[in-house]
Amino acid sequence: MTSFDPSALLVSRSNSADEGPIIRMSQRARELRAKGQDVVSLTLGEPDFDTPQNIQDAAAAAMKAGFTHYSPVMGIPELRAALSKKLKTENGLDYAAGEICLANGAKQAIANAMLSIIGEGDEVIMLAPFWVSYEITVRFAGGTPVVLHAGVDEGYKVPPSRIAAAITPRTKLIVLNSPSNPTGAVWTRAELLELADIVKAHPHLMVLSDEIYEYIIFDGEMVSIGSLPGMGERTITVNGFSKGFAMTGWRLGYAAAPEPIAKAMGRMQSTISAGANAFVQRAAIAALEGPRDEVERMRLEYQRRRDMVLAGLRAIDGVKIGHIPATFYAFPDVSALLGRKAGNHVIDTTDALCDWLLEEHALATVPGTAFGAPGSLRLSFACSETEIAKAMERLQRALGSLG
Ligand code: PLP
């Protein structure tokens with residue numbers, strides 16, 4: 001009898017769906033902790049706060065009231081109406097309730113959007129440093145990522161003129177993420193107006209604007225590109241509840257787009273998973289319409305941590321860090337340190353640097369390679385001030401010891 005090898009059945013798509021370095025590094029940190037090591041982990045992009053009580057109560061009440069069944073594929077009408085109002089009043093966006101499709105997290109909303117409009121050979125412009133899922137999802141959809149880079153000296157924002165130069169007749173989408181994971185960069189109104197003019201000059205082009213960090217801004221203003229003149233019909237706006245409301249485990253996000261695209265996203269949602277969780281959608285209404293004191297308290301807490309991290313990083317020779325106007329991430333450029341020695345071992349990549357920081361200094365970080373920027377490290381400061389103080393001390397000691 002011939003032997004059966006299940007792995008021989010795998011297609012390239014499943015191999016490209018790597019768990020990714022963020023999960024890998026956080027997993028290794030957890031394993032070392034389980035062995036009794038005092039590891040500080042700055043890996044996960046996840047609020048360390050619990051979901052505000054009023055949202056938890058609304059979910060419990062919804063469950064008791066029987067919201068435990070399948071929900072409409074694109075979301076319950078009350079939530080879609082509440083989101084239409086939120087997008088109008090908070091973001092200046094005009095999306096009718098029928099143009100909003102709920103999903104199990106912003107991640108799935110992004111996949112719904114890309115699978116709806118990207119096909120074989122379509123080009124998608126991605127602005128590195130970027131959140132790694134965009135690239136994988138574009139490839140899943142059969143598209144070709146076109147990656148443009150900006151460094152710390154450009155505030156990690158690719159100038160619109162460089163974006164214009166990269167547009168071809170195959171370019172269908174530009175992915176914008178402001179505020180940005182991993183850099184915390186926020187695009188200004190003037191920069192977005194310049195980008196909007198470029199998009200409007202190309203009849204085949206849209207923007208996917210991922211605004212999931214909109215409630216975690218410390219300096220500057222949240223501007224939704226879809227609110228700029230003529231951009232409503234050119235923008236798929238993605239958002240979700242995970243970050244601002246500390247609801248990562250609840251899995252609820254959404255995308256808003258002109259109706260034909262919204263309906264196509266609904267068909268993707270229907271095919272892959274059916275409507276998002278029913279009682280979580282009731283809780284989301286409470287999140288949107290209830291008090292925002294907790295959201296603000298968390299923002300102020302992140303801001304204090306941001307200040308600690310910035311001060312810590314600025315004290316290290318060879319580390320370049322700009323301002324961090326938003327999010328809970330720092331993305332220091334450490335390229336000047338690569339090639340130096342730890343003992344007699346040369347550290348020539350950020351992947352090697354991250355391994356060494358974890359193994360020798362009990363500090364878990366994520367290499368910039370995961371974000372299309374191999375000269376940097378991502379540090380998440382969604383953890384306590386005590387952990388941050390320890391992390392900064394370890395980083396200073398470790399990097400200071402490189403010869
Ligand atoms: N977009 C960005 C930029 C993110 O950083 C993340 C999560 O890390 C997501 C989307 C996904 O969020 P969700 O938990 O809603 O799927």
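Values in this document were obtained by computation on a predicted structure and should not be read as measured data. (Residues numbered from 1 in each chain as written. Predicted model: local features only at pLDDT ≥ 70, side-chain atom pairs only at ≥ 80, totals over all residues. Heavy atoms only, no water.)

(A) Structural detail: the overall build of the chain. Helix and strand content of the chain: 13 helices and 14 strands. For a compact globule of 403 residues, the expected C-alpha radius of gyration is about 22 Å, and the chain comes in at 22 Å, within 12% of that figure. Burial statistics for the chain: of 403 residues in total, 56% are counted as buried. In the chain, the proportion of contacts linking residues at least 24 apart, taken out of those at least 6 apart, comes to 74%. (Helix = DSSP H or I, 4+ residues; strand = E, 2+ residues; numbered from the N terminus. Rg over C-alpha atoms; globule rule 2.2 N^0.38 Å. Buried < 20%, exposed > 50% of the residue type's maximum accessible area, 1.4 Å probe, protein only. Contact = heavy atoms within 4.5 Å.)

(B) Up close: the sheet that holds strand β13 (residues 366–367). The strand order across the open sheet built from three strands is β9-β14-β13, with neighbouring strands paired in antiparallel fashion. Of all strands in the sheet, those with a lone pairing partner are β9 (329–330) and β13, marking the two edges. Note that β13 and strand β14 (residues 377–380) share two bridges and pair antiparallel. In the strand pairing of β14, Val-366 is matched with Arg-378. (Pairing = 2+ DSSP bridges.)

(C) Highlighting the sheet that holds strand β7 (residues 235–240). Strand order in the open sheet formed by seven strands is β2-β8-β7-β6-β5-β3-β4, with mixed pairing between adjacent strands. Only two strands of the sheet have a single neighbouring strand rather than two, namely β2 (100–103) and β4 (144–149). Ignoring strand direction, the axes of neighbouring strands in this sheet form an average angle of 20°. Two strands pair when backbone bridges link them, and strand β5 (residues 171–177) and strand β6 (residues 206–210) are joined in this way by five bridges, in the parallel orientation. (Axes fitted to C-alpha atoms, helices over the stretch in contact; angles between N-to-C directions.)

(D) Representation of the domain arrangement of the chain in the model. Its domain assignment divides the chain into domain 1 (10–50 + 294–400) and domain 2 (53–289). Distance from the C-alpha centre of domain 1 to the C-alpha centre of domain 2: 26 Å. The interface is formed by 34 residues belonging to domain 1 together with 32 residues belonging to domain 2. Across the interface of domain 1 and domain 2, roughly 2700 Å² is buried in total on both sides, 63% from carbon and sulfur atoms. The tally of links between domain 1 and domain 2 comes to two salt bridges. Two residues, Lys-320 and Asp-153, come together in a salt bridge whose shortest N-O distance is 3.1 Å. Taken together, the links from domain 1 to domain 2 amount to 15 residue pairs in polar contact (both at pLDDT 80 or more). Among the secondary structure elements, those contributing two or more residues to the side of domain 1 that touches domain 2 are α1 (12–16), α11 (293–314) and β9. Residues of the side of domain 1 that touches domain 2, tallied by class, amount to 18 nonpolar, eight polar and eight charged. (Domains from an automatic or database assignment. Buried area = accessible area lost by both parts, 1.4 Å probe. Salt bridge = Lys/Arg side-chain N within 4 Å of Asp/Glu carboxyl O. Polar contact = N/O pair within 3.5 Å; in protein donor to acceptor, adjacent residues only side chain to side chain. Nonpolar A, V, L, I, M, F, W, Y, C, P; charged D, E, K, R; others polar.)

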